[in-house]
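Chain by chain, the residues:
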Amino acid sequence: MAKICFVSNSAWSIYNFRLDVARDLLRAGHELLVMAAHDEYAQLLEDEGCIFVPLHFNNRTENPVADFRLYGELKRLYAQHRPAIIFHYVIKPNIYGSLAAAALDIPSVAVITGLGYGFTKLNLRYLLIRMLYTVALKKTAEVWFLNNEDANFFIGHNMVGVEKTRVLHGEGINTGYFSPPVKDPAMTERRKFRFLMSTRLLKSKGVAIYAAAARMLKKKNFPVEFLLIGFYEQHHPDSIRKEEIDRWQQEGLISYLGFARDVREHLADADCFVFPSYYKEGVPRCLMEAASMHLPVITADNRGCREVVADSVTGYLCDMQNPYDLADKMEKMISLSGGERKQMGVNGRLLVKQRFSIDRIIGLYHDAISTRLK
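One structure accompanies this document, and this report is about it. (Residues numbered from 1 in each chain as written. Predicted model: local features only at pLDDT ≥ 70, side-chain atom pairs only at ≥ 80, totals over all residues. Heavy atoms only, no water.)

A word on unusual backbone geometry
Now for step 1: At V90, a position not held by glycine, the phi torsion is positive, near 65 degrees.
Now for step 2: Residue placement: V90 occurs in the loop between strand 4 (85-89) and helix 4 (91-103).
Now for step 3: Backbone geometry at N221 places phi at a positive 65 degrees, although glycine is not the residue there.
Now for step 4: Relative to the helices and strands, N221 is located in the loop between helix 8 (207-219) and strand 9 (224-229).
Now for step 5: On the accessibility criterion, N221 (66% relative accessible area) is exposed. (Helix = DSSP H or I, 4+ residues; strand = E, 2+ residues; numbered from the N terminus. Buried < 20%, exposed > 50% of the residue type's maximum accessible area, 1.4 Å probe, protein only.)

Observations concerning a nonpolar patch on the surface
Now for step 1: On the surface, L128, M131 and V135 cluster together into a nonpolar patch covering about 250 Å² of accessible area.
Now for step 2: Topologically, M131 is positioned in helix 5 (residues 124-137).
Now for step 3: On the basis of relative accessible area, M131 is assigned to the partly exposed category, the value being 42%. (Patch = residues over 30% accessible without salt bridge, like charges linked within 9 Å, V, L, I, M, F, W, Y side chains within 5 Å. Areas by Shrake-Rupley, 256 points an atom, 1.4 Å probe, with all protein chains shown as cover. Salt bridge = Lys/Arg side-chain N within 4 Å of Asp/Glu carboxyl O.)

What about the sheet that holds strand 12 (residues 297-300)?
Now for step 1: Across the sheet, six strands lie side by side as 10-9-8-11-12-13; this open sheet has parallel pairing. Two strands lie at the open edges of the sheet, namely strand 10 (255-256) and strand 13 (315-318), each paired on one side alone.
Now for step 2: Relative to the sheet, helix 11 (residues 285-292) contacts strand 8 (193-198), strand 11 (272-275) and strand 12, its axis offset from that of strand 11 by approximately 170 degrees.
Now for step 3: Sheet strands touched by helix 12 (residues 323-335): strand 8, strand 9, strand 11, strand 12 and strand 13. Its angle to strand 13, the strand with the most contacts, is close to 165 degrees. (Pairing = 2+ DSSP bridges. Contact = heavy atoms within 4.5 Å. Axes fitted to C-alpha atoms, helices over the stretch in contact; angles between N-to-C directions.)

Overview of the packing of aromatic side chains
Now for step 1: Counted according to the given criterion, the structure contains 19 aromatic pairs.
Now for step 2: Between F6 and Y365, the ring centres sit 5.9 Å apart and the planes meet at 50 degrees, which makes this aromatic pair tilted. Here the residue F6 occupies a position in strand 1 (residues 3-7), and Y365 occupies one in helix 14 (residues 358-373), the gap between them amounting to 359 residues. Across this residue pair, the class does not change: F6 and Y365 are buried.
Now for step 3: Relative to W144, the ring of F87 lies with its centre 5.7 Å away and its plane at 50 degrees, an arrangement referred to as tilted. Here the residue F87 occupies a position in strand 4, and W144 occupies one in strand 6 (residues 142-145), the gap between them amounting to 57 residues. For the pair formed by F87 and W144, the shared burial category is buried. (Phe/Tyr/Trp six-rings, centres within 6.5 Å; stacked < 30°, edge-to-face > 60°.)

Regarding helix 11
Now for step 1: Where burial is concerned, most of helix 11 is hidden: eight out of the eight residues are buried.
Now for step 2: Of all the positions in helix 11, only R285, C286, L287, M288, E289, A290, A291 and S292 are classed as buried.
Now for step 3: On the buried face of helix 11, the contacting elements are helix 1 (11-27), strand 8, helix 10 (264-268), strand 11, strand 12 and helix 13 (338-355).

Details of the sheet that holds strand 3 (residues 51-54)
The strands that make up a sheet are held in pairs by hydrogen bonds between backbone atoms, and each pair lies either parallel or antiparallel.
Now for step 1: Pairing within the open sheet is parallel, and its seven strands lie in the order 3-2-1-4-5-6-7. Since the sheet does not close on itself, it has two edges, and those belong to strand 3 and strand 7 (165-167), each with one partner. In this sheet, adjacent strand axes meet at a mean angle of 20 degrees when their direction is disregarded.
Now for step 2: Sheet topology note: the strand 2 (residues 31-36)/strand 3 ladder contains four bridges and is parallel. The residue of strand 3 that forms the bridge with L33 is I51.
Now for step 3: Where helix 1 meets the sheet, its contacts fall on strand 1, strand 2, strand 3 and strand 4, and the angle it forms with strand 1 comes to roughly 160 degrees.

A closer look at the pattern of salt bridges
Now for step 1: One pass over the full model with this rule turns up 21 salt bridges.
Now for step 2: A salt bridge links D269 to R194; the shortest N-O distance between them is 2.3 Å. Within this pair, whereas D269 is found in the loop between helix 10 and strand 11, its partner R194 is found in strand 8, the two being separated by 75 residues in sequence.
Now for step 3: Of the charged contacts in the structure, one is a salt bridge between E243 and R241, with a shortest N-O distance of 3.6 Å.
Now for step 4: Note on R241: relative accessible area 48%, which makes it partly exposed.
Now for step 5: Linked by salt bridges that have partners in common, E149, D301 and R306 make up one network.

Considering the nonpolar core
Now for step 1: Membership of the largest hydrophobic core comes to 91 residues, with the highest contact counts inside it found for F6, F87, F195, F273 and M330.
Now for step 2: For M330, the residues in contact, after removing those within four places along its chain, are F195, Y210, A213, L217, F226, V274 and I298.
Now for step 3: Counting 36 residues, the second largest nonpolar core, distinct from the first, contains M35, F57, L115 and V160. (Core = buried A, V, L, I, M, F, W, Y, C linked by side-chain atoms within 4.5 Å.)

Side note on the state of the cysteines
Now for step 1: Across all of its chains, the model carries zero disulfides by this definition.
Now for step 2: Between C5, a cysteine without a disulfide, and C50, which holds the nearest cysteine sulfur, the sulfur-to-sulfur distance is 11 Å.
Now for step 3: Between C286, a free cysteine, and C305, which holds the nearest cysteine sulfur, the sulfur-to-sulfur gap is 7.4 Å.
Now for step 4: Residue classification places C286 among the buried residues on the basis of a relative accessible area of 13%. (Disulfide = S-S within 2.5 Å.)

Right, here's the structure in full:
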C-alpha cells in the first residue's frame with residue numbers, strides 16, 4: 001500500500017468533490033495526505049481517516065513572492081512526507097505543486113478542473129498562466145481534464161502533449177447518495193412552481209442572469225418561486241456583492257437561502273434546477289447532483305455544462321449570457337405537464353449513471369496509482 005497525496009486550495013473542495021475517491025483509497029489500505037488551506041472541513045477529512053496538512057494558500061493573490069513561497073512550502077512538505085504519487089487540483093497546485101514534485105522526482109497528476117477565471121480575459125495574467133502551465137505540465141506523469149474542450153484548448157496551444165492527457169468527463173457522482181426523492185404529488189400541486197440555483201456566488205456563474213429571467217417571468221404573473229443557494233467569495237474579482245442579492249430579494253425576484261452543506265433537501269423540494277453559467281467550467285457537479293435526483297435541468301450551452309444535459313430530453317440548453325432565452329426556456333419548463341417533467345428527470349438520472357459514475361473515476365485513480373508504483 002502507498003502514501004497518496006491530494007493537494008488543493010481548500011479542505012472543502014476535497015471533501016465536497018473527492019470524498020468518495022478518498023474513502024475508497026483509504027478502504028484499500030492506502031495512507032491519504034490532504035494538503036490544502038485549512039477550513040471547517042479539515043476536521044471532517046481527519047474524521048474520515050485522512051492526514052490533513054495545512055497550507056498557507058491564497059488562491060486570489062497575484063503576488064509572485066507569495067507564489068514562490070507556496071512552491072517552497074510544497075517542496076518542503078513533499079520532501080518531509082515523501083508521498084508515492086501526488087494529485088494536484090486547481091491552478092496554483094497544478095503549477096507550483098507539479099514543479100515541486102518534479103524537483104523531488106515524485107510522480108504527479110495535474111487535474112484541470114476547468115479553465116476558471118484566469119482564462120476569461122486575454123491579458124497579461126492570461127498569458128502568464130499559459131506560460132506557467134506549459135512549463136509545469138511537462139513535469140507531470142499525467143494531465144486529467146474534465147471535458148474535451150479544455151483538453152483540446154491545452155493541446156491546441158501546445159501547453160501539454162496529447163500522449164499524457166486523459167479526459168474524465170467529470171469527477172463523478174455518487175448516485176446512491178444523490179438519489180431520487182419520494183415526492184407527494186398533492187403537496188407539489190399546492191405550492192408555486194419552484195426553480196433552484198445552487199452555485200458559488202460569482203457573476204460568471206450566471207446569478208444576475210437568473211435574477212433577470214426571474215424578473216421577466218414575474219412580470220407575466222407566473223406562480224413561480226426562484227431560490228438561490230451559495231456562498232460569497234468576498235475577495236474574488238468576479239464575486240457578486242451582497243447588496244445585489246439583497247436588492248433582488250427586496251424586489252421579490254429571488255429567495256436567497258445562504259450556504260447549504262447538504263443540498264439534497266433543497267433539490268428534493270424543487271421542480272427544476274437552473275444554472276446559466278458562462279464561467280469556463282469543467283463539468284459542474286451541481287448539474288450532476290440535480291440530474292441524479294430526477295430534476296430536469298436548464299443550463300447554458302457552455303463547455304462542461306452541455307455534457308450533462310441532453311437538450312429537450314433531460315432539460316433545456318439556453319444561450320450564454322442571454323436572460324431572455326433563459327426566461328423562454330424556464331417558461332417552456334413551466335408549461336410542461338408533470339409527467340413530461342418527471343420523464344426528463346428520469347432521463348437525466350439515466351444519463352448521469354451512464355456517463356458520470358463515481359465507480360469509473362475511482363478506477364482511474366487506482367490505475368494511475370498502480371502504474372506509478374510498478
